[in-house]
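Report on the structure
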Amino acid sequence: MTVPITVRLLEIFRIGLGPSSSHTVGPMRAAAFFREACVARGILPERVEVDLLGSLSATGHGHLTDRAVLAGLHSWHPETVDLDSFHGILDTLAKDPRVSWGNGFTTVKPDAVRFLRYAEYRHEELPHPNTLRFRAMRGKDVLLEETWCSVGGGFVQRPGDPVPPPPGAPLHPFHDGRTLVARATELKGTLGDVILANEQNWETRTGEIAEGIDRVWAAFQACISRGLERKGDLPGGLGVKRRAAELLARVESGKVERVYSHIARAQAYAFAINEENAAGGRVVTAPTNGAAGIVPAVLVEFAERTMLHPDVIRNALATAGAIGMIVKTHASISGAEVGCQGEVGTATAMAAAALCQLMGGDVKQVEVAAEIAMEHNLGLTCDPIKGLVQAPCIERNAMGVAKAWSAAQLSLHSVLSNVVSLDRVIAVMKRTGEDMRREYKETSEGGLAVSLPEC
Ligand code: SF4
């Protein structure tokens, strides 16, 4: 069956906040949608209750999921939320739990969000590993109850609801890697040309998509700058130190092998972004927060060194986004669903594709670069220590940078082999994720997350 691609470019690159797209950005959006549903029906609850289930309950503390839900119930948006207010929301609500709601006020106490233990529900019956249950209450009466799923990359949906389609039929339809390459070949253009033509066709005013991509690019650069300025320990008590500034200083003082210096600089940028993400800073999904460092690190480093024209940057981001759209449609970009292969694996494939294009690769080489990058991340588990998006996540992004470079180079400089196509490797990734035990899918119950010595 042909599955249409309904994902939009600026949904793959969504400006938001750390530390997690599925556990912070998604829950904030779901809570805001629940509030909207209440207000639209004229429901003014006495109080609101929220249950977090599955991976959200297992690692939600480290991912600030409770704060995200409380922020969403205030109708705060991930892209524009004031970060100080976000981080202080538990204290604020402890002092005054009144939240304005339509034409009145409701009560949302900090403990309104409950992290349910596995014993309290049947995990196999959840509609998704990241599930939230919202209830608008008056006394013992439930005025409205909704279940939402945070399905990765900040995307949310209610079980059974159809995914909203794009505003019209795409100008250049494609449904997987093979048909995307075919459309680009017909256009004599890049994969990004196909995406940009479709997106421009859906614009409500001329220049909308270019402005959106430019905002994403500016957010990438701002995040790298902030991450390079800051030092000290990351929050959460794991004792992980910020290392971006020191890494870059070593590159700039010539202490890093010259042959490796471009990759090392990009890795310092990846550290900067992922350290900002871990600290709950402003960050862009690419395609998720946990894997947010790879695409921007690779592209910003390359753009700085080669003085890329803004149109070239937009096109490269659209090519990277195309890979994310295909993976999101045919597999998953959620660590809770398929492990880290869906997050860092996808980000590495996106970065490899864009880099290969910038280095002069044709559409086939670009597809193969993405395929190589994804193939060599198959089976990668998600096992964040203490449920924090720090170890192994931050270094894993830096490794993703090096793998993206290698995949682009291998595709450019070796005879193309079609033994495994991009579409096939994405299908294998999905199946591998389905076979992976729950402990390795963002529950912090397996792998590195349980390997720290007792002290
Ligand atoms: S291990 Fe990978 S998938 Fe899991 S939280 Fe870290 S970056 Fe995300």
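Here the structure is a predicted model, which means the values were calculated and not measured. (Residues numbered from 1 in each chain as written. Predicted model: local features only at pLDDT ≥ 70, side-chain atom pairs only at ≥ 80, totals over all residues.)

**Thoughts on the site of the ligand**
How we decide: In this analysis, residues qualify as near a molecule or strand once their C-beta atom, positioned from backbone atoms, comes within 6 Å of it. All residues other than Ala, Val, Leu, Ile, Met, Phe, Trp, Tyr, Cys, Pro, Asp, Glu, Lys and Arg, Gly among them, are scored as polar; the first ten of these are nonpolar and the last four charged.
The full set close to the ligand counts 13 residues, and Gly290, Gly335, Cys340, Cys382 and Cys393 are the nearest of them. Counted by class, the shell around the ligand contains eight nonpolar, two polar and three charged residues.

**Brief notes about the packing of helix 7 (residues 177-187) against helix 16 (residues 363-375)**
A pair of packed helices is characterised by two quantities: the angle between their axes and the separation of those axes. In plain terms, the rule: The angle between two axes is taken between their N-to-C directions and runs from 0 to 180 degrees, where each axis is a line fitted to C-alpha atoms and a helix contributes only its stretch in contact. A helix here means a DSSP run of H or I that spans at least four residues, while a strand means a run of E at least two residues long, and both kinds are numbered starting from the N terminus. In what follows, roughly perpendicular refers to angles from 65 to 115 degrees, roughly parallel to angles under 35, roughly antiparallel to angles over 145, and oblique to any angle outside these ranges. By definition, any crossing whose near helix is turned counterclockwise from its far helix by less than a right angle is left-handed, and any crossing with a clockwise turn is right-handed. Our contact criterion uses C-beta atoms placed from the backbone: two residues qualify when those atoms are within 7 Å.
Relative to each other, helix 7 and helix 16 sit at 155 degrees, their axes nearing to 10 Å. When the axis of helix 7 is compared with that of helix 16, the two are roughly antiparallel. Where helix 7 crosses over helix 16, the two elements pack in a sense that is right-handed. Residues Gly177, Val181, Ala184 and Thr185 of helix 7 form the contact with helix 16, whose participating residues are Val363, Lys364 and Glu367. For the contact of helix 7 with helix 16, a count of residues per class yields three nonpolar, two polar and two charged.

**Quick notes on the environment of Ser85**
Just so we agree on the cut-off: Counting other C-beta atoms within 10 Å of a residue's own tells you its class, since 20 or more makes it buried, 12 or fewer makes it exposed, and anything in between is partly exposed; those C-beta atoms are placed from the backbone.
Residue placement: Ser85 occurs in helix 5 (residues 83-87). A count of 12 C-beta atoms within 10 Å places Ser85 in the exposed class. C-alpha separation for the pair Ser85 and Ala71, spaced 14 residues apart in sequence, amounts to 8.8 Å.

**Some words on the domain arrangement of the protein chain**
Just so we agree on the cut-off: Reported domain spans reflect what an automatic or database domain assignment gives.
The domain boundaries assigned to the protein chain delineate domain 1 (21-157) and domain 2 (177-450). Just the C-alpha atoms count here: the centres of domain 1 and domain 2 sit 29 Å apart. For the side of domain 1 that touches domain 2, the secondary structure elements donating two or more residues are helix 2 (21-40), helix 3 (55-59), helix 5 and strand 7 (141-152). Counting residues per element, the side of domain 1 that touches domain 2 draws most heavily on helix 2, which supplies four residues.

**Quick notes on helix 13 (residues 310-330)**
Stated precisely, the cut-off is as follows: Take the residue count of a helix, subtract one, and multiply by 1.5 Å to get its expected span.
Helix length check: helix 13, at 21 residues, gives a terminal C-alpha distance of 30 Å against a target of 30 Å (1.5 Å per residue), a fit within 8%. Judged by how many residues are buried, helix 13 sits mostly within the fold: 16 of 21 residues are covered.

**Quick notes on helix 12 (residues 294-306)**
In a regular helix each residue adds 1.5 Å, so 13 residues correspond to 18 Å; helix 12 covers 18 Å between its end C-alpha atoms and thus fits that length. Judged by how many residues are buried, helix 12 sits mostly within the fold: ten of 13 residues are covered. The complete set of buried residues in helix 12 reads Ile294, Val295, Pro296, Ala297, Val298, Leu299, Val300, Glu301, Phe302 and Ala303. Looking at the buried positions of helix 12, the neighbouring elements they touch are helix 9 (208-229), helix 11 (261-278), helix 13, helix 15 (344-358) and helix 17 (393-413).

**Description of the pairing of strand 7**
Formally: DSSP calls a pair of strands paired once it identifies at least 2 bridges connecting them.
Bridge analysis of strand 6 (residues 130-138) against strand 7 gives eight bridges, and the strand direction is antiparallel. Pairing of Thr131 across the sheet is with Cys149, part of strand 7. In this structure, the hairpin formed by strand 6 and strand 7 is closed by a connection of two residues, where Gly139 is found at a positive phi of approximately 60 degrees. The pairing of strand 7 with strand 8 (residues 155-157) spans three bridges and is classified as antiparallel. Looking at strand 8, one finds that Gly152 is bridged to Phe155.

**Comments concerning unusual backbone geometry**
The peptide bond linking Gly18 to Pro19 adopts the cis configuration, its omega dihedral lying at 5 degrees. Looking at the element boundaries, Pro19 is found in the loop between strand 1 (15-17) and helix 2. Residue Ala391 is joined to Pro392 through a cis peptide bond whose omega torsion reads 15 degrees. For Ser444, which is not glycine, the phi dihedral falls at a positive 60 degrees. For Ser444, the position within the fold is in the segment after helix 18 (422-435).

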